[in-house]
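Geometric and topological summary
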Amino acid sequence: MRDYGVYEHPTFFVVDENGEENLGRYDRRVNSEVVTDCFSGSVTGQRMVGETLYFLNTDGVDIDGFVMKPVGYEPGKRYPGILHIHGGPKMVFGPGFHHEMQLWVASGFFVCYCNPRGSCGKGNAFADLQGKYGEVDFRDLMEFTDEVLRRYPEIDADRMGVAGGSYGGFMTNWVIGHTDRFRCAVSQRSIANYVGDYLLSDIGYYYVPDQQLGTIWEHPERLWKASPLTYADPVKTPTLFIHADKDYRCTLANDLEMFAALKLHGVESKLCMFYGENHGLSREGKPSNRISRLSEILHWMEEHLKEEYKTLQAYTDGLEYALHRRVLAECVPEHLPRLNLYPLEAVFFTWRFQRTAATAPRHTGTAEAFTPRAHLLEKVGSCCKYTK
């Protein structure tokens, strides 16, 4: 058995002689008995195991990581990739099952992830990031990405995404402010501004001075220097932000500020807020919200990293628009000559929001804002139910 030394989750993972974790789990909190034996397969019926990757960084430090190939992997074929950054930073990635990454590889992505300096499991010196956030850890992640691309030439370097939550969200914000190498990013429950988080976070009053070596009164420049918001003005990477309104660890204000900064500078960005959820949304949230979160992430990655997805989306949008014109003509031909392009599009978008309401309740109540003709909405909506 291998103990990864993660004090927040005192758990042993069972691995076989090849280092592959068999999904049995022993927990010290329940007298070392097996407490779970689940996740027998991914959504495709296959569970991909990360291939271990070790390399020596430019500072002479050993960094370990993993690379998972996409389900149905074909040698020689080019694939998009995702760099996943763990939280903490005193946390660690291992060969254990991770449902998000299984979803991504099942959707055709390479996924790579590593334990940069700041991670636990290699002693206190390796885990110490005091006053060094965004420096040695950022270099390790970028050098790891370079090494992954060197060893796996099937990964398209021009179609790489980056994602992470909590500290991983902080680092995602930091990455997009310091490099344009990633085509898109997903920042979750992140930190963007240590100046504000010092008094807003439930642990900020002691965590920020300990890790950033300053407060808003003593050495405030250190907090601002370590804040990704400082470097938001040159960002060009399309970014999805995901946050919960009751997250008191990395408060909602962080993503609101980072999102607003990117919008202000003309960067494609989107903010998804989950009401009633907290910092543990991805692990402890309501099932419907957890599914919505995974769907938003996957959609963002596919939209920006898969060329065939863009083609399909354009075709689908065009087909829906053409279908709507036909339905509108059949249902209300007497009104068609008097409709210009604007109201036609207005009714069309109303239908799309109506049609998705059954599976996405958050879209309900928007119909009246999109159409000037309620009687057309009723007729078109009834026909679209029939044709979908």
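1. Some words on the overall build of the chain
Along the backbone of the chain there are 13 helices and 12 strands. Restricting to contacts in the chain with at least 6 residues of sequence separation, those with at least 24 account for 66%. Put simply, the chain shows about 18,800 Å² of open surface, and 55% of that area lies on carbon and sulfur atoms.

2. Some remarks on the pattern of salt bridges
Summed over all chains, the structure comprises 15 salt bridges. Its salt-bridge partner being Glu 296, residue Lys 270 comes within 2.9 Å of it at the nearest N-O pair. Of the two residues, Lys 270 is situated in strand 12 (residues 269–274) and Glu 296 in helix 10 (residues 287–305); the sequence distance between them amounts to 26 residues. Look at Lys 270 and you get partly exposed, because its relative accessible area is 30%. Owing to a relative accessible area of 11%, Glu 296 belongs among the buried residues under this scheme. In this structure, the salt-bridge partner of Glu 302 is Lys 306, at a minimum N-O distance of 3.4 Å. For the pair Glu 302 and Lys 306, one class covers both residues: buried. Here the salt bridges do not stand alone but share partners, grouping Asp 59, Arg 117, Arg 139 and Asp 140 into one network.

3. Here we look at the sheet that holds strand 9 (residues 155–165)
The strands making up a sheet are joined through hydrogen bonds of the backbone, oriented either antiparallel or parallel. Read across the open sheet, the eight strands follow the order 5-6-8-7-9-10-11-12; overall the sheet is mixed. Of all strands in the sheet, those bounded by a partner on one side alone are strand 5 (51–56) and strand 12. Mean inter-strand twist for the sheet, computed between neighbouring axes without regard to direction, equals 20°. Two elements, strand 7 (residues 79–85) and strand 9, share six bridges in a ladder whose sense is parallel. The residue of strand 9 that forms the bridge with Leu 83 is Val 162. Taken strand by strand, helix 3 (residues 136–151) contacts strand 5, strand 6 (62–68), strand 7, strand 8 (110–114) and strand 9, and its axis lies near 120° from that of strand 5.

Reading the values: rules and limits
Residues numbered from 1 in each chain as written. Predicted model: local features only at pLDDT ≥ 70, side-chain atom pairs only at ≥ 80, totals over all residues. Heavy atoms only, no water. Helix = DSSP H or I, 4+ residues; strand = E, 2+ residues; numbered from the N terminus. Contact = heavy atoms within 4.5 Å. Areas by Shrake-Rupley, 256 points an atom, 1.4 Å probe, with all protein chains shown as cover. Salt bridge = Lys/Arg side-chain N within 4 Å of Asp/Glu carboxyl O. Buried < 20%, exposed > 50% of the residue type's maximum accessible area, 1.4 Å probe, protein only. Pairing = 2+ DSSP bridges. Axes fitted to C-alpha atoms, helices over the stretch in contact; angles between N-to-C directions.

By themselves, these figures tell us nothing about what the structure is for.
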